[in-house]
Amino acid sequence: METRQPLIEADHLVKRFGDKTAVDDVNFSVCAGEIFGFLGPNGAGKTTTIKMLVGLLKPTSGTARIAGYDVLTQPIEAKAASGFVPDTPNLYSKLSARELLRFVGDLYGLPKELVSRRSDELLRLFDLTEAADDLTDSYSHGMQQKTSLAAALLHDPKVLILDEPTVGLDPKSARLIKDILPQIADRGAAVMLSTHILEIAERMCDRIGIINKGSLIAVGTLDELRSGAAAGRTNGSSSLEDIFLELTGGAEYAAITEVLK
Amino acid sequence: MSLSESIIKTQPRSFGLWPSVWRLLRLRVRIMVNTFKRSKTSGKVGAVVVGLLLIGLMVGLFAASSGLLRLMRSPELAAYIDPNQMIGAIPTLVLTAAFFLTLMTNFGVLLQALYLSHDMDFLITSPLPMRAVFLSKLIEAILPNFALFCAFTLPVLFGLGVSSGYSVLYYPLVIAVLALMALAAGGLASILVMAVVRVVPAKRVAEVLGFLGATLAVLCAQSANIIDRFNIDQSDFGGMLSTLSQLDSMWSPFAWAGRGVAAVGEAQWLNGLLLTGLSVIVLGGVFAASLLAAEQLYYTGWSSMQGSARRKKPVSRQNEAREPRFEFGQLLPAPVRGVVVKDLLTLRRDPRNYSQLITPLILGVVMLFSSRGGGGDMDEQLTGLGLANLEVYGLITVAVFIGWMLMFNLSSMSFTREGKSYWMLKTSPVRPGHLLVGKFIVSYLPSITFTLIFLTVAFLLQGANWLFFPYCALVLALVIAGANGISLAFGTMAADLSWESPNRQRLRGGAGCAAVLIVMAFLAFDLALFLLPVALWQIFAGSAPFLAYLVGAVLGGAAAALVIFLSMQFAIPRLEQIGEPE
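Just so you know, these numbers come straight off a predicted model, no measurement behind them.

**Structural notes on the overall build of chain A**
Part 1: Helix and strand content of chain A: 10 helices and 10 strands.
Part 2: Taking 261 residues into account, the globule formula puts the C-alpha radius of gyration at 18 Å, and chain A, at 19 Å, falls close to it.
Part 3: Taking the principal axes of its C-alpha atoms as reference, chain A extends roughly 55 × 45 × 40 Å.
Part 4: By the burial criterion, 48% of the 261 residues in chain A qualify as buried.
Part 5: Of the contacts made within chain A by residues no fewer than 6 positions apart, 65% connect residues no fewer than 24 positions apart.

Next up, the structure:
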């Protein structure tokens, strides 16, 4: 793993909104062939970090690099190498899925024939062929999410960044995503996903980063986190859930559970 | 006892119908107060000013209604209609108008409240009677329009009461009947909404309504011009009033209400109370029946099951849909082509965008016909100066104005229109120049196409000299291009992606106003550069040679090209700021 080229790099990333520091000096890298899980409570700074990596937000300081390209100074090269799936799809409601994929193909400068072939493949893969010519405003959230994923995969990106990709998906579609991501990583791409479903992170991710209140408080493999080697704070808890709650404020959750009993 | 046990063991407290309605209305009032409190100071001041203006208008209308009654009794009008018959018909006419206007305006409001506001599920699952939810939704929808109608109708009806010396009972009765009329209209509107939504999706209905509303607004705004073109004279006006007074027929429930309140005002108690009671029974019955029906239709899901199942497009149609017609698109870089095709498709598929097209076209037609009569003294003075082919100057000015109207919204809103979908463009490897060129084409192409069609039709109708057409077309193409560049730059600088409803698309800050002023100044300046050399040559040398046109084209064209270049230079660095928090 160490010899592989890092394709996603967050180097002292900081993002401030006025007085509030949303992301505070975050450092990590994701190598080719690796799936990196990005965990954290609500409002911890996951989406802000991801938005800086994909070029949606300008960092206050620090550097975000995709496939070796600085997102700020070489945005075209960095974006050409990456695919992004946001937490809320927000697709163009007056385009059909097929038209949307053709549009994305044009944005990435892909040949027409390739776009047509890849679109058909991806639409079939995500079970969207039937609805491919319907406008996306008639799609369910899950269908929109799958269309968004198809759009991100159209140009076969070296880097795939997904923000809570399984939210709103039925079990079949969620399973499909869980099956696809390792295949993409096996083909040499770097995959980074944020999720609240710890079971997904535990089963799929090679390494996990936990962010809380804007700071990356732990990074490592599950074993490293479990042994407390990564952050030096865990006390040998067994499951990722225990580690997560311990690092990010599990006592509060326990108190809530007590009240509900 | 645990929390969950205590919740289960607690006896549910049931609220009656009216306390529940009151709770729901109180919630709406709370939301309104919070919205007002948290709005900007300018918004608060604006709301207070509008309120004061409305009060002023009510007072003015009240005073004007006495004048109106005097006019009704004037001998001039008496030649066409019977004034007593007309005055007697006023309550009926006002109440009829209030009913139908409430029905029309409530359709849109109820569509929003029942299907697009997304709070119905939350309210129906709460432990409140469903009838209360519907009743409160109806009242919420009706109240703003009702208040507005009251602002216009009450001064007239009260003015009538004061000038005719009506009894005191007339005034509360008018308010009660108006309220009942609005409730009945609201009830019928809710049934109508459900019937329409059963056939057409709510979002699509809202889009069509937006288009119709905007078109109607333009037609109303231009009504004076349109009426002027139709040369309506006094006898037509008298005929219209007579037709209107026929609405006061004994068979109309509105006439029962109108005649009833007037009879009560005149102290004809038996007749008045009988007619008013009859209308109250009918209107109350309509309201109750429609409320019950709406409640049932909504709860059974009748209106959500759209009757017309979506037809599957045949394969050939699907293939056709894959290839939007954009003939010279292959000459453009792929990202530019992608942006252009995407924007043209999305613009074409949202009917609300057609209202932006309709407005300048209606104005264009009105201006074209208005200018046919010539400019009178102004024409004579200009001809005296030695200016020839004056109609061409007029036509090109009108065409530039129409072109500006067509282009401005498309161009200045080109990035705002992206809304929350902008992430797709921002995360893709599109060069800023390509993105701007794509957006430029999207706003320029439709505008210049329609403007050139307008110019051609105008030349045909005015019988203008076709020798001038190529020059006019060139002027239009370049002037509109320059203006397009400026408004696109403003659209980049002040794009606001945060809108939820397309009706709320706007530029941040005062950029919209600034853009209008600067674009207008540029249009006047560039038009002058194009036309002044020709005009001056005509004035001083008697006629304009080819050189005059060449000088005009070079000066005006250079100015347009410079403005486009500077606008793009201004816009490129601002592209990366779009979507960043302020």
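Alright, that's what it looks like, and here's the rest.
**Considerations on the confidence of the model for chain B**
Residues and elements named next belong to chain B.
Part 1: Confidence in the prediction for chain B averages 80 pLDDT; 81% of positions are at 70 or higher.
Part 2: Scored below 50 in pLDDT, residues 307-312 makes three contacts in the model with residues more than four places away or belonging to other chains.
Part 3: Scored below 50 in pLDDT, residues 314-321 shows four contacts in the model against residues more than four places distant or in partner chains.
Part 4: For this predicted complex, the interface confidence score (ipTM) comes to 0.87, while the overall pTM stands at 0.75.

**Some remarks on the nonpolar core**
One recurring pattern in soluble globular proteins: nonpolar side chains tend to sit buried together.
Part 1: Counting residues in each nonpolar core, the largest one holds 147 residues, and the members touching the most others are Leu53, Val159 and Val191 of chain A together with Leu476 and Val479 of chain B.
Part 2: Of the residues forming this core, the biggest block, 13 residues, is contributed by helix α21 (residues 469-493) of chain B.
Part 3: When sequence neighbours within four positions are dropped, the list of residues in contact with Leu53 of chain A reads Ile8, Ala10, Ala64, Ile66, Val71 and Ile161 of chain A.

**Description of the interface of chain B and chain A**
Part 1: Facing the 31 residues of chain B at the interface are 28 residues of chain A.
Part 2: Partitioning the side of chain B that touches chain A into residue classes produces 10 nonpolar, nine polar and 12 charged.

**Regarding the environment of Gln5 of chain A**
Residues and elements named next belong to chain A.
Part 1: As for its position among the elements, Gln5 is in the segment before β1 (6-17).
Part 2: Given 13 C-beta atoms within 10 Å, Gln5 falls into the partly exposed group.
Part 3: In this structure the C-alpha to C-alpha distance between Gln5 and Leu101, which are 96 residues apart in sequence, comes to 30 Å.
Part 4: Sequence-distant contacts of Gln5, defined by excluding residues within four places in its chain, comprise Cys31 and Ala32.

**Topic: the pairing of strand β7 (residues 159-163) of chain A**
Residue and element names in this part refer to chain A.
Part 1: Of all five residues in β7, five are buried; the element is thus mostly enclosed.
Part 2: The alternating pattern of β7 places Val159, Ile161 and Asp163 on one face and Leu160 and Leu162 on the opposite face, and all of these are buried.
Part 3: In this structure, strand β6 (residues 82-85) lies alongside β7, joined through four bridges in parallel fashion. Bridge pairing links Phe84 to Ile161 in β7.
Part 4: With helix α6 (residues 171-186) bridging β7 and the parallel strand β8 (residues 190-194), this β-α-β connection has right-handed handedness.

**Description of the sheet that holds β6 of chain A**
Residue and element names in this part refer to chain A.
Part 1: The strand order β6-β7-β8-β3-β9-β10 describes an open sheet built from six strands, whose pairing is mixed. For this open sheet the edge positions go to β6 and β10 (215-220), each flanked by a neighbour on one side alone. Neighbour-to-neighbour, the strand axes of the sheet open up by a mean angle of 15 degrees, direction not taken into account.
Part 2: In the sheet, β7 pairs with β8 via five bridges, with the strands oriented parallel. If you follow Asp163 over to β8, its bridge partner there is Ser194.
Part 3: Of the strands in this sheet, β3 (35-39), β9 (207-212) and β10 touch helix α9 (residues 240-248), which is tilted by about 30 degrees from β9.

**Here's the deal with the environment of Thr166 of chain A**
All names here are of chain A.
Part 1: For Thr166, the location among the structural elements is in the loop between β7 and α6.
Part 2: Each C-alpha atom, one on Thr166 and one on Arg207, is 19 Å from the other, the two residues being 41 residues apart in sequence.
Part 3: Apart from the residues lying within four places of it in its own chain, the contact partners of Thr166 are Ala174, Ile177, Thr195, Ile197 and Ile200.

**Section: unusual backbone geometry**
Residue and element names in this part refer to chain A.
Part 1: The phi angle at Ala67 is positive, at roughly 55 degrees, despite the residue not being glycine.
Part 2: With respect to the helices and strands, the residue Ala67 is situated in the loop between β4 (61-66) and β5 (69-70).
Part 3: Unusually for a residue other than glycine, Asp156 sits at a positive phi of about 50 degrees.
Part 4: With respect to the secondary-structure elements, Asp156 resides in the loop between α5 (141-153) and β7.
Part 5: Since 14 C-beta atoms lie within 10 Å of it, Asp156 is described here as partly exposed.

Reading the values: the criteria
- Residues numbered from 1 in each chain as written.
- Chains lettered and ligands numbered in written order.
- Predicted model: local features only at pLDDT ≥ 70, side-chain atom pairs only at ≥ 80, totals over all residues.
- Helix = DSSP H or I, 4+ residues; strand = E, 2+ residues; numbered from the N terminus.
- Rg over C-alpha atoms; globule rule 2.2 N^0.38 Å.
- Buried ≥ 20, exposed ≤ 12 C-beta atoms within 10 Å, placed from the backbone.
- Contact = placed C-beta atoms within 7 Å.
- pLDDT = per-residue confidence, 0-100.
- Core = buried A, V, L, I, M, F, W, Y, C linked by C-beta atoms within 7 Å.
- Nonpolar A, V, L, I, M, F, W, Y, C, P; charged D, E, K, R; others polar.
- Pairing = 2+ DSSP bridges.
- Right-handed = clockwise from strand over helix to strand, strands pointing away.
- Axes fitted to C-alpha atoms, helices over the stretch in contact; angles between N-to-C directions.

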